[in-house]
Amino acid sequence: MEHCCGLLTPTKEAVPLKGIDVDVEVKDHVAVVVSTLHYENKEDKAIEAIFVFPLPGDAAVCQFSAKIGQTEIVAEVKEKQEAREEYDDALSSGQQAFLLEESNQSPDIFSLSVGSLPPGESASIRLEYVTELAVEADGGLRFCLPAVLNPRYQPQGSNNDGVQIKSVPASLVPYSLSFSALVSSPRRVSKVDSKCSLEPLQYLDKEQTQAVVKLAAGHKFDRDLELFLYYMDTHQPAVVVEAGKPEAKPGTLMGDTAVMVSVYPEFPQSVTSSLATSGEFVFVLDRSGSMDCAINESSRKQTRISSARDTLLLLLKSLPMGCYFNIYSFGSTFEHLFPKSVEYSQTTMEDALKKVGTMDADLGGTEILECLKNIYSQPCITGQPRQLFVFTDGEVGNTKEVIKLVKKHSNSHRCFSFGIGDGASTALINGLAREGGGHAQFIAGTDRMQPKVMQSLRFALQPAVEDISMTWDLPKEVSVTVLSPPLTTIFHGRRSLIYAQLTGQSLDAKDGCVTLKYSLVGQPIQNQLRFALQPKEDTGLTIHRLSARTAIRSMEIEDEDLFLPFEEAEDQKVQHDELKKKVVELSVQSGVSSSYTAFVAVCENDNKKVKGPLLRQTIPISGRFPLANGCNFSACPPIPSFRKKRSGYVPCCLKLGAPVFQDAMMLDCDMSTEMDSFQQDEEYSCEDEEEALQQEDMQRPPSPAIAKDPLLQMVSLQKASGHWLFEEALASVLGKTSKELETPKPAAVSKEVWATILALIWLHGLKSEAQDEWQLLAMKAGSWLRSQKISGLVECVAAANTLLGCKVHKDVLGI
């Protein structure tokens, strides 16, 4: 088995990736990213290659250029087939050319064709995109620079025109990464965190509204690079107004004014403190082989599947009495805990916990589509709104088909999605939540899954918002075209962004107004925002490009919803052609990529023509590969031998180095004989991978054994109704003996009440930092205690505080 990766020469030597420069400009909630990759060909022959890399699924790719030697070529956006033909024609005539295109299956994967890199030349490839920053559970804004692209599992029988990659390991080859971010906001930049080492934050003004952050030396680009930005009073509604291009035609998106409306609904305390007691909760767990990988670098024994099991424990304990639930798991096939959802009780909860405890990453590939179809085939339960919670590392190849199915059933459920580990498909995770009216979360690096999941559960238990509408009050000379899909769901404290185009100008009026209206628990609520029609600053067309991306994605989804059969109906074909034409026109006009367009650049300098055949090289891939030269196995446990997998699944959990090069275009990929034989084998030996893992382990200090989390032990002892039993296991978690617990118990209270108060005091007094994780089950315990009509409650709380050395007030317990 070959151990090589990156851009390869005829002698299997890598064309060195000399370095990556990444410059980011963050303006409040939006980031402009410029990435430049520097390569050098030290061979005596020209090379043509294709490499594949990840981008955020909601990014608007807006500029692409390449520089070979002293010649710079700026790409243009053209219809995809036209761009491909221009690229092929250029290569046939000996010209240098570049082609950048989005995957047909998933908008978070791009393919760059380099044709060609002359001998002895260097190449710098510059890519610019704009993207929104996601809001985290703690209120921070998350910027992610994707480094890891996981191979996407293709179900058997599917139309596979996506990226095809074969797998072999490679040894780690270091290279340089330069990363700098300029952060600016109308509000003070409180801090910038990262799981990577950063240089000290440098403020550029007295108000601390501008700051620069840089990556510390020595970083290896073997995982997604994340920044977490915290602004003072960040969750404020706002409207950003951006002027169009002066040279663009009025009436077009790029010629008109674009606006971005940011809303943060705040529900009354009475609503947020009284959560729903009904609902059908369906938990969908990925049990494919890749879920056996470590969830982060620092704790290789904590795998994705084990973290998901712990999270399911918290979820099951936090569900309200009276609801219904079920658990599905999927891989190459799918399983369900119950034939249909059952009522939540002590018995059904215990049955579920027993099953969850045995779940492993042993179901093969990642085929979620059939699992979702089975769930949607089940009739909804009257009075129990259906809520889906999907946990996956996002390695599916039929992303658009899965999202389309969720959208089809969006009126009957909400979908909350969780991307686990580096490289989880942003297109899949965000798409599930967007079309399912839920919320998306990503868990990577050293993130704990539990607080993020519990935030989503709180969202799911909030009362449903109804009758959502948005109205605009503008001068009569100005009209508005809303480019974002209509809002269908609103959650307390969760940001929503709406993009719109303003056509026309008013000489007199200076202000406009947008009003968000909705009904909550039968009460009409409205949030009003006034804004200046005149832009305050030059934002570099960032809002226009995000607006274009939003409009393009909406039309692409509308096109997919046509469900064109093999024999296309004439009216469907006409609609498809019209939508495609609109997408191409807007993509070309705005310079933003789409599934129907591509960037193409051709160097027409006769002095640069390449004579003779070009070497087109291939690179095998691993289960996950970052944009770096080399391979890193540190996130994966040793694999003694692989289970039997269905065709199409790549079981290796390895991180490849450099952008991946293939010997085929994104369509009609021609896999090698070696890959074909791999797919046909019933069992795949992984001795090479084991050897590499063992060599790396020799350089690492041994990982300490993972102790059972006391918080999870406490949670596991709670009963479905919310109370705890007085038992030896509880005493052990509290660090006491049973006698030490029983002696101070007030005579007037039962053992169950005493145990429950002790558990609540322990949670509030000693585990307050994890309150996001246990808040819901504590509320359930408080509700149970109130139903007991306890006498001598003050005395009981005081005795519990004394025993545990805490100072928790009775009112904090919610009783």
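What counts, and where the lines are drawn
- Residues numbered from 1 in each chain as written.
- Predicted model: local features only at pLDDT ≥ 70, side-chain atom pairs only at ≥ 80, totals over all residues.
- Heavy atoms only, no water.
- Helix = DSSP H or I, 4+ residues; strand = E, 2+ residues; numbered from the N terminus.
- Buried < 20%, exposed > 50% of the residue type's maximum accessible area, 1.4 Å probe, protein only.
- Areas by Shrake-Rupley, 256 points an atom, 1.4 Å probe, with all protein chains shown as cover.
- Core = buried A, V, L, I, M, F, W, Y, C linked by side-chain atoms within 4.5 Å.
- Contact = heavy atoms within 4.5 Å.
- Pairing = 2+ DSSP bridges.
- Axes fitted to C-alpha atoms, helices over the stretch in contact; angles between N-to-C directions.
- Phe/Tyr/Trp six-rings, centres within 6.5 Å; stacked < 30°, edge-to-face > 60°.
- Lys NZ or Arg CZ within 6 Å of the ring centre and 35° of its normal.
- Patch = residues over 30% accessible without salt bridge, like charges linked within 9 Å, V, L, I, M, F, W, Y side chains within 5 Å.
- Salt bridge = Lys/Arg side-chain N within 4 Å of Asp/Glu carboxyl O.
- Lys, Arg positive; Asp, Glu negative; His and termini not counted.
- Charge placed at Lys NZ, Arg CZ, Asp CG, Glu CD.
- pLDDT = per-residue confidence, 0-100.
- Polar contact = N/O pair within 3.5 Å; in protein donor to acceptor, adjacent residues only side chain to side chain.
- Parallel < 35°, antiparallel > 145°, perpendicular 65-115°, else oblique.
- Nonpolar A, V, L, I, M, F, W, Y, C, P; charged D, E, K, R; others polar.

A.B. asks: What am I meant to see in the overall build of the chain here?
C.D. replies: On a plain count of helices and strands, the chain comes out with 18 helices and 39 strands. By residue count, 59% of the 815 residues in the chain fall in the buried class. When the accessible surface of the chain is totalled, it reaches about 33,100 Å², and 49% of it is carbon and sulfur.

A.B. asks: Hey, could you run me through the nonpolar core in this one?
C.D. replies: The tendency in soluble globular proteins is for nonpolar side chains to be buried as a group. Ranked by size, the top nonpolar core spans 80 residues in total, and within it F281 and W724 carry the most contacts. Per-element accounting of this core gives the leading share, 10 residues, to helix α16 (residues 751-766). Every residue in contact with F281, bar those within four places of it in the chain, is listed here: L319, P320, C323, Y324, F325, N326, Q387, F389, L457, A460 and L461. Core analysis: the second largest hydrophobic core is formed by 50 residues, V26, F98, L133 and L177 among them.

A.B. asks: How should I be thinking about the sheet that holds strand β33 (residues 523-532) in this particular structure?
C.D. replies: Within a beta sheet, neighbouring strands are joined by backbone hydrogen bonds and run either parallel or antiparallel to one another. Taken together, 3 strands build an open sheet; the order of strands is β29-β32-β33 and the sheet is antiparallel. The open sheet terminates on both sides in strands that have one partner only, identified here as β29 (465-473) and β33. Direction aside, the axes of adjacent strands within the sheet are offset by 15° on average. Of the pairings in the sheet, the one linking strand β32 (residues 511-520) to β33 comprises 10 bridges and is antiparallel in character. Paired with G512 across the bridge in β33 is F531.

A.B. asks: Help me understand the sheet that holds strand β16 (residues 189-193) in this model?
C.D. replies: With respect to topology, 4 strands assemble into an open sheet ordered β12-β13-β19-β16, the strand pairing being antiparallel. Since the sheet does not close on itself, it has two edges, and those belong to β12 (134-135) and β16, each with one partner. Examined bridge by bridge, β16 and strand β19 (residues 225-231) share 4 bridges and lie antiparallel to one another. Of the residues in β19, the one forming a bridge with K191 is Y230.

A.B. asks: Teacher, can you tell me more about the packing of aromatic side chains here?
C.D. replies: Given two aromatic rings, one states the distance between the centres and the angle between the planes to describe the pair. Applying the stated criterion to the full structure yields 13 aromatic pairs. For the ring pair F143 and F179, a centre distance of 6.3 Å and an interplane angle of 35° mean the geometry is tilted. Of this pair, F143 sits in strand β13 (residues 141-145) while F179 sits in strand β15 (residues 176-184), and the two are 36 residues apart along the sequence. Summarising the burial analysis for this pair, F143 and F179 share the class buried. Grouping aromatic residues by their ring pairs yields a cluster made of F283, F389, F391, F416, F418, F459 and F491. Directly above the aromatic system of Y230 lies the positively charged group of K191, at a separation of 4.8 Å from the ring centroid.

A.B. asks: Would you mind going over the environment of V592 with me for this structure?
C.D. replies: Relative to the elements of secondary structure, V592 occurs in the loop between α10 (570-590) and β34 (597-603). V592 sits in the buried class, given a relative accessible area of 1%. Residues V592 and A60, 532 residues apart in the sequence, show an inter-C-alpha distance of 5.8 Å. Once you skip the residues sitting within four places of it in the chain, V592 turns out to touch A60, V61, C62, R545, A548, R549, I552, S587 and T597.

A.B. asks: Help me understand a negative patch on the surface, please; the structure alone is not making it clear to me.
C.D. replies: A grouping of E82, E85, D88 and D89 is seen on the molecular surface, where their side chains present a negatively charged patch. Relative to the assigned elements, D89 resides in helix α1 (residues 80-92).

A.B. asks: What exactly am I supposed to notice about the confidence of the model for the chain here?
C.D. replies: Of all residues in the chain, 78% attain a pLDDT of 70 or more, and the chain-wide mean is 79. Long-range and interchain partners of residues 1-13, a stretch whose pLDDT sits below 50, account for 47 contacts in this model, where long-range means more than four residues apart. Under a pLDDT of 50 for its full length, residues 160-174 has, in the predicted model, 73 contacts with residues more than four places off or in other chains.

A.B. asks: Is there a simple way to explain the side chain of Q384 in this structure?
C.D. replies: Examined against the element boundaries, Q384 turns out to sit in the loop between α5 (369-377) and β26 (386-392). A residue is classified by how much of its surface remains accessible, and Q384, at 12% relative accessible area, is buried. A polar contact of 2.5 Å, which involves the side chain of Q384, links it to the backbone nitrogen of G279. Here Q384 is in contact with S278, G279, E280, G322, C323 and Y324, once residues within four sequence places are set aside.

A.B. asks: When you look at the packing of helix α3 (residues 304-318) against helix α4 (residues 346-358) in this model, what are you seeing that I'm missing?
C.D. replies: Any two packed helices are characterised by how steeply their axes cross, that is the angle between the axes, and by the distance between the axes. Here α3 crosses α4 at 175°, and the two axes come no closer than 10 Å. In terms of their interaxial angle, α3 and α4 are classed as roughly antiparallel. When α3 is examined against α4, the residues R309, L312, L313, L316 and K317 are found in contact with a partner set consisting of M349, A352, L353, V356 and G357. The class makeup of the residues in the contact of α3 with α4 is 7 nonpolar, 1 polar and 2 charged.

A.B. asks: Sorry if this is basic, but what is going on with the pattern of salt bridges here?
C.D. replies: When the charged atoms of two side chains lie near each other, side chains of opposite charge can form a pair. Scanning the entire structure with this criterion turns up 25 salt bridges. With a shortest N-O distance of 2.8 Å, E101 and R84 are connected by a salt bridge. Here E101 is found in strand β9 (residues 96-102), whereas its partner R84 is found in helix α1, with 17 residues between them in sequence. For the salt bridge of R553 with E102, the shortest nitrogen-to-oxygen distance reads 3.5 Å. Of this pair, R553 sits in helix α9 (residues 542-560) while E102 sits in strand β9, placing them 451 residues apart in sequence.

A.B. asks: I tried to follow the side chain of R386 on my own but got confused; where do I start?
C.D. replies: Secondary-structure assignment places R386 in strand β26. R386 gets classed as buried once you look at its relative accessible area, which sits at 4%. Only 3.0 Å separates the side chain of R386 from the backbone oxygen of Q378, close enough to count as a polar contact. Those residues in contact with R386, other than ones at most four positions away along the chain, are E280, I375, Y376, Q378, P379, C380, S412, H413 and R414.

A.B. asks: Is there a simple way to explain the environment of D233 in this structure?
C.D. replies: Along the chain, D233 falls in the loop between β19 and β20 (238-242). Overall, D233 belongs to the exposed group, its relative accessible area being 52%. Counting along the chain gives 94 residues from D233 to G139, while the straight-line C-alpha distance between them is 9.6 Å.

A.B. asks: What is the right way to look at unusual backbone geometry in this model?
C.D. replies: For residues that are not glycine, phi is negative in most cases, and the peptide bond is trans in most cases. With phi around 65°, L541 is a residue other than glycine that occupies positive phi space. For L541, the position within the fold is in the loop between β33 and α9. Under the relative-accessibility criterion, L541 is labelled buried at 17%. Not every positive phi belongs to a glycine, and K789 is a case in point at roughly 50°. With respect to the helices and strands, the residue K789 is situated in the loop between α17 (771-787) and α18 (793-804). The class for K789 is exposed, based on a relative accessible area of 73%.

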